[in-house]
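The primary structure of each chain is shown beneath.
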Number of protein chains: 2
Amino acid sequence: MVEMTGVLNPRGTWVADRCSIAKALDVVRTRSAFLILREAFYGTTRFADFAERADISEPVAAARLRELVEHGLLELGDYRAPGQRTRREYRLTRKGEELFPVLAALMQWGDRWENDGGRVELRHRDCGEPVEVALRCAAGHELGPSDLELARKPKA
Amino acid sequence: MVEMTGVLNPRGTWVADRCSIAKALDVVRTRSAFLILREAFYGTTRFADFAERADISEPVAAARLRELVEHGLLELGDYRAPGQRTRREYRLTRKGEELFPVLAALMQWGDRWENDGGRVELRHRDCGEPVEVALRCAAGHELGPSDLELARKPKA
DNA sequence: CCGTATCCTGATAGATACTG
DNA sequence: CAGTATCTATCAGGATACGG
């Protein structure tokens, strides 16, 4: 699929042992972590709502939320709505926000292959058009998986 | 983050119970499954290579490969190189191929947040330019996570 | 070369009950 | 409301040894 150009290490094995995909999966490993993040993108901020909407038990929600805060994808702060008492809220950090394309790509794939087209879609708020996850090169070309090659990065 | 427009069901709960993200995660649930798929994209086709390159034990490789074939992301066939004996090979199906944006998005995020920029990059084979995962609407606009709304799909 | 069979450990996760 | 404490079941995954 993806062409490999010069990315074998001296022993002839792959660069896989320092792979960013594996490192990402070390941070977001479990189904419940993905579902918590999904809810965060949908605007959920409170403990009980995470557990209910992601349909996971409270102990699991507590464990995942703690780990996601530790890894810096969520941060926990206090929030007081006017005239209400203070509540705690989990908010996405920049690091967490930037995981959104992963969720969007999973959603797109699930829509197509496991959910009969899906019932819901992402749209551009300004123009109302449906949104897709795409691979695009710096020259602006749209790509499929077989238009790619994997190469060592130039030293920055 | 993502604006919700009319996607609550009558009980006031979220559409999450029929969520395509959850359904996708039911198919590709584990770290080892993602790593097997990564290797498939990198061109690996044989059992022993999957186990070695993804750095997982043979029993785990066997289990994941079987599940991925059952779910239709890989298919198993026979392959004979000229003058060699027949070997078995696992190939990505269309369904498996289309999961590539998920892997690319994980790689991009891991590069940035967990791997010090990464050591390797995806490039467009034709023009050599680096490749990014992007959100794009049907009108051609490039989007960030906060430019989105989630809405019911029109009945097709 | 391509797996399977066993055995074992730790992580994931639900249910339930309880506390600040 | 926001969790924690237990307890239990199931799953992910490694190590080792073995069979087609």
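This text goes with the structure placed above it.
Reading the values: the criteria
Residues numbered from 1 in each chain as written. Chains lettered and ligands numbered in written order. Predicted model: local features only at pLDDT ≥ 70, side-chain atom pairs only at ≥ 80, totals over all residues. Heavy atoms only, no water. Helix = DSSP H or I, 4+ residues; strand = E, 2+ residues; numbered from the N terminus. Expected span 1.5 Å × (residues − 1). Buried < 20%, exposed > 50% of the residue type's maximum accessible area, 1.4 Å probe, protein only. Contact = heavy atoms within 4.5 Å. Buried area = accessible area lost by both parts, 1.4 Å probe. Salt bridge = Lys/Arg side-chain N within 4 Å of Asp/Glu carboxyl O. Polar contact = N/O pair within 3.5 Å; in protein donor to acceptor, adjacent residues only side chain to side chain. Pairing = 2+ DSSP bridges. Axes fitted to C-alpha atoms, helices over the stretch in contact; angles between N-to-C directions. Near = heavy atom within 4 Å. Nonpolar A, V, L, I, M, F, W, Y, C, P; charged D, E, K, R; others polar. Least-squares fit on C-alpha atoms with pLDDT ≥ 70 in both.

K.L.:
Before we go on, may I ask you to explain helix α4 (residues 58-70) of chain B in this structure?
P.N.:
Two residues of an α-helix separated by three or four positions point the same way, owing to the 3.6 residues in each turn. Residue and element names in this part refer to chain B. When the terminal C-alpha atoms of α4 are compared, their 18 Å separation across 13 residues agrees well with the 18 Å that a helix rising 1.5 Å per residue should span. Residues A61, A63, R64, L65 and L68 constitute the buried set of α4. Of the surrounding secondary structure, the elements contacted by the buried residues of α4 are α2 (31-41), α3 (47-53), β2 (74-80) and β3 (86-92). Downstream of α4 by a residue or two, G72 has a phi angle that is positive, lying close to 85 degrees.

K.L.:
Quick question: what am I supposed to make of the interface of chain A and chain B here?
P.N.:
It is common to report an interface's size as the accessible area lost on association of the parts. Taken together, the contact pairs 88 residues of chain A with 88 residues of chain B. Taken together, both faces of the contact between chain A and chain B bury some 8700 Å²; the carbon and sulfur share is 64%. Per-residue buried area on chain A facing chain B is highest for W14(A), W109(A) and R125(A); these three make up 9% of the total on that side. Between chain A and chain B we count twelve salt bridges in total. With a shortest N-O distance of 2.7 Å, E114(B) and K95(A) are connected by a salt bridge. If you look at where chain A meets chain B, you find 45 residue pairs in polar contact (both at pLDDT 80 or more). In terms of residue count, the dominant contributor to the side of chain A that touches chain B is helix α6 (residues 100-114) of chain A (14 residues). Alignment of strand β4 (residues 120-124) of chain A against strand β7 (residues 148-152) of chain B, held across five bridges, turns out to be antiparallel. Note on β7(B): the bridge partner recorded for R123(A) is E149(B).

K.L.:
Please explain the sheet that holds strand β1 (residues 3-5) of chain B as it appears in this structure.
P.N.:
Two strands in a sheet stick together by hydrogen bonds in their backbones, pointing the same way (parallel) or opposite ways (antiparallel). Pairing is mixed across the open sheet formed by three strands, whose spatial order is β4(A)-β7(B)-β1(B). The open sheet terminates on both sides in strands that have one partner only, identified here as β4 of chain A together with β1 of chain B. Going from strand to strand, the sheet's axes swing by 30 degrees on average, the running direction of each strand aside. Sheet strands touched by α6(A): β4 of chain A together with β7 of chain B. Its angle to β4(A), the strand with the most contacts, is close to 135 degrees.

K.L.:
Even after reading the chapter, I still don't get the side chain of N115(B), so can you show me in this structure?
P.N.:
With respect to the helices, strands and loops of the structure, N115(B) is situated in the loop between α6 (100-114) and β4 (120-124). A distance of 3.0 Å separates polar atoms of two side chains, one belonging to N115(B) and the other to R119(B).

K.L.:
I tried to follow the protein's contact with DNA strand D on my own but got confused; where do I start?
P.N.:
Lining the immediate environment of DNA strand D, one finds 19 residues, of which P59(A), Y90(A), S32(B), S57(B) and V60(B) sit closest. Backbone atoms, meaning sugar plus phosphate, form 71% of the atoms of DNA strand D positioned within 4 Å of the protein. The separation between a base oxygen of DNA strand D and a polar side-chain atom of E58(A) is 3.4 Å. Within the side chain of R88(A), an N or O atom sits 3.2 Å from a phosphate oxygen of DNA strand D. If you list the elements that add at least two residues to the surface near DNA strand D, you get α3 (47-53), α4 (58-70) and β3 (86-92) of chain A together with α2 and α4 of chain B. Split by residue class, the surface near DNA strand D holds eight nonpolar, three polar and eight charged.

K.L.:
Looking at this structure, how should I read the relation of the copies chain A and chain B?
P.N.:
Both copies of the chain are related through a single rotation about an axis accompanied by a shift along the same axis. Superposing chain A onto chain B takes a rotation of 180 degrees combined with a translation of 0.0 Å along the rotation axis, leaving an RMSD of 0.0 Å. With respect to symmetry, the two chain copies, as superposed, fit the operation of a two-fold axis. Of the interface residues in chain A, 100% have counterparts in chain B that sit at the interface too, so the contact is made through matching surfaces.

This is a description of form; function is not addressed.
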